[in-house]
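Below are the chains, spelled out letter by letter.
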There are 2 protein chains.
Amino acid sequence: MNADLGTPGTPRLIALDWGTSSLRAFLLADGAAIVAQRHADHGILRLPPPGGRAGFERAFADVVGPWLARRPDLPVVACGMVGSAQGWEQAPYVDCPVDVRALAAHATRVVTLSGATLWLAPGARFDPAAAAPDVMRGEEIQVAGALDGQAHWEKRCCFVLPGTHSKWAQVEQGRITGFATYMTGELYAVLREHSILGRLMPAAAVAGAAGVQRSRAQDEAFDAGLQAAGLHPPAALAHQLFAVRTLGLTGRLSSEALGDYLSGLLIGHEVAAGLADLDRPGAGAAPVVLVGEPALCQRYDRALALQGARAAARLDNTAPRGLWAFARALGLPLGLLKAD
Amino acid sequence: MNADLGTPGTPRLIALDWGTSSLRAFLLADGAAIVAQRHADHGILRLPPPGGRAGFERAFADVVGPWLARRPDLPVVACGMVGSAQGWEQAPYVDCPVDVRALAAHATRVVTLSGATLWLAPGARFDPAAAAPDVMRGEEIQVAGALDGQAHWEKRCCFVLPGTHSKWAQVEQGRITGFATYMTGELYAVLREHSILGRLMPAAAVAGAAGVQRSRAQDEAFDAGLQAAGLHPPAALAHQLFAVRTLGLTGRLSSEALGDYLSGLLIGHEVAAGLADLDRPGAGAAPVVLVGEPALCQRYDRALALQGARAAARLDNTAPRGLWAFARALGLPLGLLKAD
């Protein structure tokens, strides 16, 4: 029954990327092709009233309900903070090495009030003997999406996922063997909004904001920050940050460019440390693949270039494909619709 | 006329340490002995209404007026942000190398509405060719106070002044030849109050707060942060900070100890970088002297010890003695009272 395999564009899966501040829902067809998508501000810290379990139910019904009303047979999967201790149900972390099969083996099942079943992907934990543990939730699915069908990266590569809490994930033989979090995006935000470094910056100019035309001075300031961060031996970040103030006080950087210098310092320090970690003795060269929002990946690409490296690829959001791979690993009936 | 030389305890100088958040006033006798002191919240960002020049006048009259009413002949000197661009009058930065004579040569004179004369010490600037400029305001006077009468430190030493913006100041032949700022204290405050790292910490337990009994778990967490920061090669701060969250999430540190781990990480990174800077090729060993609030200096002493160094001395507030040295360098009549 060929009809069971569906035609291009026939919805097969509802996939949710449900984080702290937003909920992104994708209606996926064969090959993780996006048929439709919806976006809501109902991140797990911004649920509709009354919050809690009822808030999750209501957000789910608002965003996914219309799709399920037409296709109640579609399976539903989710990744991100929805599976955290503050989430709908907890899907405890799975220790490295981890791949999409391990994630599926530890998925948590939620049955909604409407009777739908939602499969939550667990996060991943890396717990090295010599350092503090590290965790991710959502990025492990993005990595699964980036790897899906990419045999040349499965053997060995490093995925860099820039963001509030950037992740550098090492992959060997198709599994995440270890990773490191850098609080780069959050440091940028809190220093800009709450420290003395933001005082000389204009409120309007958000570095990298969509739709804002960047000036040459901003590009140069970003590069100058990257270069300062790439010194050998590296200078201390807590010292170099103060230059954001002194370069502004002395008029050597314009106020509109200070945010870019700060961004360059922070991203540059992250990239220098990430590359140094890749260069450790015994480790062969691994291709570096950037995954995430294109404007941010472009900044990281520039940082890599100024430190003598390059990105093997830049990928936009790979979460839908990762959720598709997760659903497949769960054994959900993606191609076998009920005969109705 | 011996009476002109005064007796022990006879006031000779009014010395003001006037910073961003507070104004500390000292009535000093021979040898910078403190006869009396007053403290007000009238830092330059917290002036009494209406602020501005009138706010400075009013704060000055409130705090210093009673002393001047009795002894209008006393000279008045001040250091700190009162001489900044946002201060009463600007006393522009003096470039390194700088000593108390250079500060006196570039002092700015303010005549108050009441007719008193106030001498403002300039700040110091270090502007190396290979890095961004650095600035200090107030610490250069603390260094002058620490050096006053200390010939054995004048030749060569490093003063470490911990705080919101810690300073590591190199002294050679009695002059500050260079220095570096570390935003350690401000990073601690903004990360604790505004980042995800503060979420797992109790609001009440302010690390190092006076009067709070510290637990053994807190001491151990502080040491653990110092040790993580002292790794060779050093790990990236933006990565290690995330451990404050993961050690809390996994229960490996109690919530009351997380602030101490954060403090240890930040102070440890500062001390590692400061010591590495002292160890640069061609530089001989310089004694390290801690200057500042005793509980904070104790933390830095511990950080130095865990990284194989030690402080040659720990000094409490040296600003009064530094202001005394500044007044002497200005040629003010510290020992020659008017015959009245």
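Predicted model only: the values in this text are computed from it and were never measured.

A. Spotlight on the overall build of chain A. Within chain A, the regular secondary structure consists of twelve helices and 14 strands. Against the globule reference of 20 Å for 340 residues, chain A gives a C-alpha radius of gyration of 21 Å, in line with a compact fold. Partitioning the intrachain contacts of chain A with sequence separation of at least 6 by distance along the chain shows that 63% fall at a separation of at least 24. Summed over all atoms, the accessible surface of chain A reaches about 14,500 Å², with 53% contributed by carbon and sulfur. Distance between charge centroids for chain A: 1 Å, based on 30 positive and 31 negative side chains.

B. Region of interest: the relation of the copies chain B and chain A. For these two chains of identical sequence, chain B goes onto chain A by a turn of 180° and a shift of 0.0 Å along the axis, with RMSD 0.0 Å. Read as a symmetry element, the transformation amounts to a two-fold axis. Looking at the rotation axis and the C-alpha trace of chain B, the residue lying nearest is Val 190 of chain B, at 3.4 Å. A symmetric contact is evident, with 100% of the interface residues of chain B recurring at the interface of chain A.

C. Focus on the interface of chain B and chain A. Residue-level contacts link 34 residues of chain B with 34 residues of chain A. Interface area, chain B with chain A, both sides summed: about 3,100 Å², of which 72% is carbon and sulfur. Counting across the chain B and chain A interface gives two salt bridges. We note a salt bridge from Arg 252 of chain B to Asp 127 of chain A, for which the minimum N-O separation is 2.5 Å. Inspection of the chain B/chain A interface yields eleven residue pairs in polar contact (both at pLDDT 80 or more).

D. Quick peek at the sheet that holds strand 3 (residues 33-40) of chain A. Residue and element names in this part refer to chain A. Reading across the sheet, the six strands line up as 3-2-1-4-7-6 and stay open at both edges, with mixed pairing between neighbours. Every interior strand has two partners, whereas the edge strands, strand 3 and strand 6 (108-111), have only one. For this sheet, the mean inter-axis angle between neighbouring strands, taken without regard to orientation, is 25°. Note: strand 4 (residues 76-79) against strand 7 (residues 117-120), three bridges, orientation parallel. Opposite Val 77, over in strand 7, you have Trp 119 as the bridge partner. Most of the contacts of helix 2 (residues 52-70) go to strand 1 (residues 13-18), to which it runs at about 150°, and overall it touches strand 1, strand 2 (23-29), strand 3, strand 4 and strand 7.

E. Highlighting the pattern of salt bridges. All chains considered together, the criterion is met by 30 salt bridges over all chains. The closest approach of N and O atoms between Asp 95 of chain A and Arg 125 of chain A, which form a salt bridge, is 2.9 Å. Residue Asp 95 of chain A is found in strand 5 (residues 94-95), and its partner Arg 125 of chain A is found in strand 8 (residues 124-126); the two are separated by 30 residues along the sequence. Note that Arg 299 of chain B and Asp 260 of chain B form a salt bridge whose closest N and O atoms lie 3.0 Å from each other. Of the two residues, Arg 299 of chain B sits in helix 10 (residues 294-306) while Asp 260 of chain B sits in helix 9 (residues 255-278), which places them 39 residues apart along the sequence. An identical accessibility class is assigned to Arg 299 of chain B and Asp 260 of chain B; each is buried. Within the structure, one salt-bridge network assembled from shared partners comprises Arg 214, Asp 219, Asp 260 and Arg 299 of chain A.

F. The arrangement of the sheet that holds strand 8 (residues 124-126) of chain B in detail. As summarised here, the arrangement of the three strands in space is 5-8-9 (chain B), forming an open sheet in which the pairing is mixed. Bordering the open sheet on either side are strand 5 (94-95) and strand 9 (134-136) of chain B, each of which pairs with just one other strand.

G. Layout of helix 6 (residues 216-229) of chain B. Residues and elements named next belong to chain B. For helix 6, spanning 14 residues, the distance from its first C-alpha to its last is 20 Å, which sits close to the expected 20 Å at 1.5 Å a residue. Within the span of helix 6, buried status applies to Gln 218, Ala 221, Phe 222, Asp 223, Gly 225, Leu 226, Ala 228 and Ala 229. Buried residues along helix 6 sit in contact with helix 7 (237-240), helix 9 and helix 10.

H. The arrangement of unusual backbone geometry in detail. Of note, the bond from His 232 of chain A into Pro 233 of chain A is cis; its omega dihedral lies within 30 degrees of zero at -10°. Considering the arrangement of structural elements, one finds Pro 233 of chain A in the loop between helix 7 (216-229) and helix 8 (237-240). For the peptide bond that leads from Pro 49 of chain B to Pro 50 of chain B, omega is 5°, which places it in the cis range. Along the chain, Pro 50 of chain B turns up in the loop between strand 3 (33-40) and helix 1 (52-70).

I. Structural view of the pairing of strand 12 (residues 175-182) of chain B. All names here are of chain B. Burial within strand 12 is extensive, with six of its eight residues counted as buried. Summarising the sheet, strand 11 (residues 166-172) and strand 12 pair through seven bridges and their orientation is antiparallel. Considered in strand 12, the bridge of Val 171 is made with Ile 176. Following strand 11, the chain reverses through two residues before pairing antiparallel with strand 12; Gln 173 in that reversal takes a positive phi of roughly 50°.

Rules used in this analysis
- Each residue is numbered by its place in its chain's sequence as written, counting from 1.
- Here chains are named by letter from A upward and ligands by number from 1 upward, in the order in which they appear as written.
- Where totals are concerned, whole chains, interfaces and linings use all residues; where local detail is concerned, this predicted model gives features only for residues with pLDDT of at least 70, and gives and counts side-chain atom pairs only at 80 or more.
- Hydrogen atoms and water are omitted, and side-chain values are computed over all heavy atoms in the structure.
- Strands here are runs of E lasting at least two residues and helices are runs of H or I lasting at least four, both read from the DSSP assignment and numbered beginning at the N terminus.
- Note on method: radius of gyration uses C-alpha positions; expected globular size equals 2.2 Å times residues raised to 0.38.
- Should any heavy atoms of two residues lie within 4.5 Å, those residues are considered in contact.
- Note on areas: Shrake-Rupley with a 1.4 Å probe; residue coverage comes only from the protein chains shown.
- All tallies of charge rest on Lys and Arg as positive and Asp and Glu as negative; His and the ends of each chain are not included.
- Charge placement uses NZ in Lys and CZ in Arg. For Asp and Glu, CG and CD serve respectively.
- Here the copies are superposed with least squares, the fitted atoms being C-alpha atoms of residues at a pLDDT of at least 70 in both.
- Throughout, the accessible surface (probe 1.4 Å) given up by two parts as they are put together, summed over both, is called the buried area.
- For this analysis, a salt bridge means a side-chain nitrogen from Lys or Arg found within 4 Å of a carboxyl oxygen belonging to Asp or Glu.
- Polar contact criterion, stated in full: a pair of N or O atoms within 3.5 Å, where within protein one must be able to donate a hydrogen and the other to accept it, and residues adjacent in sequence count only if both atoms are side-chain atoms.
- Strand pairing follows a simple DSSP-based rule, namely that at least 2 bridges must link the two strands.
- Fitting a line to C-alpha atoms yields each axis, with helices limited to the stretch in contact; the angle taken between N-to-C directions then spans 0 to 180 degrees.
- Only protein chains enter the accessibility calculation, which uses a 1.4 Å probe; a residue whose area is less than 20% of its type maximum is buried, one above 50% is exposed, and one in between is partly exposed.
- Expected span, for any helix, means 1.5 Å times one less than how many residues it has.

All quantities given are derived from atomic positions and should not be read as evidence of function.
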